[in-house]
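Here's the letter readout for the chains.
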Amino acid sequence: MKKYDLAVAYRVYPGISKVPPIYSEDKFKLVDFCFSSFVKFLGDVEPYLWIILDGCPENYKEIFIKHSKFDMEFIEVNQIGNAKTFELQLQILLEQVNSELIYFAEDDYFYLPNKMKYMIDFMQKIKHSHFISPYDHPDYYNLILHKDRESDEIQVNETKWNLRASTTMTFMTSKVILKETEKVFRTYIRNNWDSSLWLSLTKHRVNSLNFALKSFISNTYYSKIILKSWYYTPFQILFGKKYNLFAPTPSLATHLDSQHLAPSINWNNIFQYI
């Protein structure tokens, strides 16, 4: 059986949940824009793609057929929602035998060209990298939750990578690590938050009584994150392995959420020339 560099489960929903800085009222054009950038991001990397279309009109398939020269298959479901499409991604990537390296992709990310090789290179060279994100989230610089993670830096080739406490549900890992952490990720299907499940894996702040007390007194958002983490994943927090999550500086991609574009890159200027 043919082996691929990467196995990718890419999920698509025809609605708009965040306010993107481009195509804010046209999800078809937004998906086209994002997937086109993802193909360029892959460069010479050869993936196998599963495209999960959740209640999408038939013409959405044209986007992927038009842009992709890669082997892929479509999985069509009928508006099953965010949690269930993530569950599909989890099932597909755990069961597939195409690649040891795997990638969870959401449909509203814009990628810089030829950068996927940097992610793969980092995962292969840095053995203690369990998870990596392409997205340098602005929360890393704006929220107290992340402040003490900024100094842990590794440079590989042209990219600097920092240890981070959490990220979104767009990330790379290996089948081995995903199998180890499957139970934690399955809590997302049961309404756990992405931030809460990532904190239980990275073990950042969740064991800090001082931070928990301050959060309960002064910041309800932080306190909810901590409570959800303990509610859904107490065994992982108390007895589970600590996992490393890295993200790049500067970013290799950005979530197309107008309020949370990755910092230090003029994305709007880039969008004008595409």
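Note on numbering: residues in each chain are counted from 1, in written sequence order. With pLDDT at 70 or above as the cut-off, local features in this predicted model cover only qualifying residues; side-chain atom pairs require 80 or more to be listed or tallied, and sums for whole chains, interfaces and linings still use all residues. With hydrogens and water set aside, each side-chain value is computed from the structure's full complement of heavy atoms.

All of the buried residues along helix α2 (residues 60-67) are Tyr60, Lys61, Ile63 and Phe64. Summarising the axial view, the buried residues of α2 lie within an arc of 155°, below the 170-degree limit, and thus occupy one face. Summarising the geometry of α2, the exposed residues directed more than 90 degrees from the buried face are Glu62, Ile65 and Lys66. Buried positions along α2 lie against β1 (6-12), α1 (27-42), β2 (47-54) and β3 (71-77). Exposure classes here rest on a 1.4 Å probe applied to the protein chains alone. A residue is buried below 20% of its type maximum, exposed above 50%, and partly exposed in between. We count a stretch as a helix when DSSP gives it H or I for four or more residues in a row; a strand needs E for two or more, and each element gets its number in order from the N terminus. Directions from the helix axis toward the C-beta atoms define the arc. Contact criterion: two residues are considered in contact whenever any of their non-hydrogen atoms come within 4.5 Å of each other.

For Ser251, the position within the fold is in the loop between β10 (245-249) and β11 (253-255). Overall, Ser251 belongs to the buried group, its relative accessible area being 2%. In protein, a polar contact requires one atom able to donate a hydrogen and another able to accept it; more generally it is a pair of N or O atoms within 3.5 Å, and residues adjacent in sequence count only if both atoms are side-chain atoms. Within the local environment of Ser251, its side chain forms a polar contact with the backbone nitrogen of Asp136, the two atoms lying 2.9 Å apart. When residues no more than four places from it in sequence are discounted, the contact partners of Ser251 are Leu112, Pro134, Tyr135, Asp136, Ala262, Ile265 and Trp267.

Our next topic: the pattern of salt bridges. The rule for a salt bridge is simple: a side-chain nitrogen of Lys or Arg has to be within 4 Å of a carboxyl oxygen of Asp or Glu. Taken as a whole, this structure holds 14 salt bridges when the rule is applied. A salt bridge links Arg11 to Glu106; the nearest nitrogen and oxygen atoms lie 3.6 Å apart. With Arg11 in strand β1 and Glu106 in strand β4 (residues 101-106), the pair connects residues that are 95 residues apart, well separated along the chain. An identical accessibility class is assigned to Arg11 and Glu106; each is buried. Lys179 is the salt-bridge partner of Glu182, the closest N and O atoms lying 3.1 Å from each other. With a gap of three residues between them, Glu182 and Lys179 both fall in helix α6 (residues 175-189), about one helical turn apart. Residue Glu182 is classed as buried on the basis of its relative accessible area of 16%. When salt bridges that share partners are traced, they join Lys84, Glu87, Lys179, Glu182 and Arg186 into one network.

Attention now goes to the packing of helix α3 (residues 82-95) against α6. Here the axes come from fitting lines to C-alpha atoms, over the contacting stretch only for helices, and the angles between their N-to-C directions go from 0 to 180 degrees. Where α3 meets α6, the axes come as close as 11 Å, and the angle between the chain directions of the two elements is 165°. Taken together, the axes of α3 and α6 lie roughly antiparallel to each other. Between α3 and α6 the crossing geometry is left-handed. The segment α3 lies against α6, with Asn82, Ala83, Phe86, Glu87, Leu90, Leu93 and Leu94 engaging Lys175, Leu178, Lys179, Glu182, Phe185, Arg186, Tyr188 and Ile189. Charged residues are taken to be Asp, Glu, Lys and Arg, nonpolar residues to be Ala, Val, Leu, Ile, Met, Phe, Trp, Tyr, Cys and Pro, and polar residues to be all remaining types, Gly included. Residue composition of the contact of α3 with α6, by class: nine nonpolar, one polar and five charged. Working rule for angles: under 35 degrees goes down as roughly parallel, over 145 as roughly antiparallel, 65 to 115 as roughly perpendicular, anything else as oblique. Whether a crossing is left-handed or right-handed is set by the direction in which the near helix is turned from the far one by less than a right angle, anticlockwise for left-handed and clockwise for right-handed.

With that settled, consider unusual backbone geometry. In this structure, the amide linkage connecting Thr249 to the following residue, Pro250, adopts the cis form with an omega of -5°. Note on placement: Pro250 falls in the loop between β10 and β11. The backbone of Lys203 sits at a positive phi, close to 60°, despite the residue not being glycine. Of note, Lys203 is situated in the loop between α7 (194-202) and α8 (209-218).

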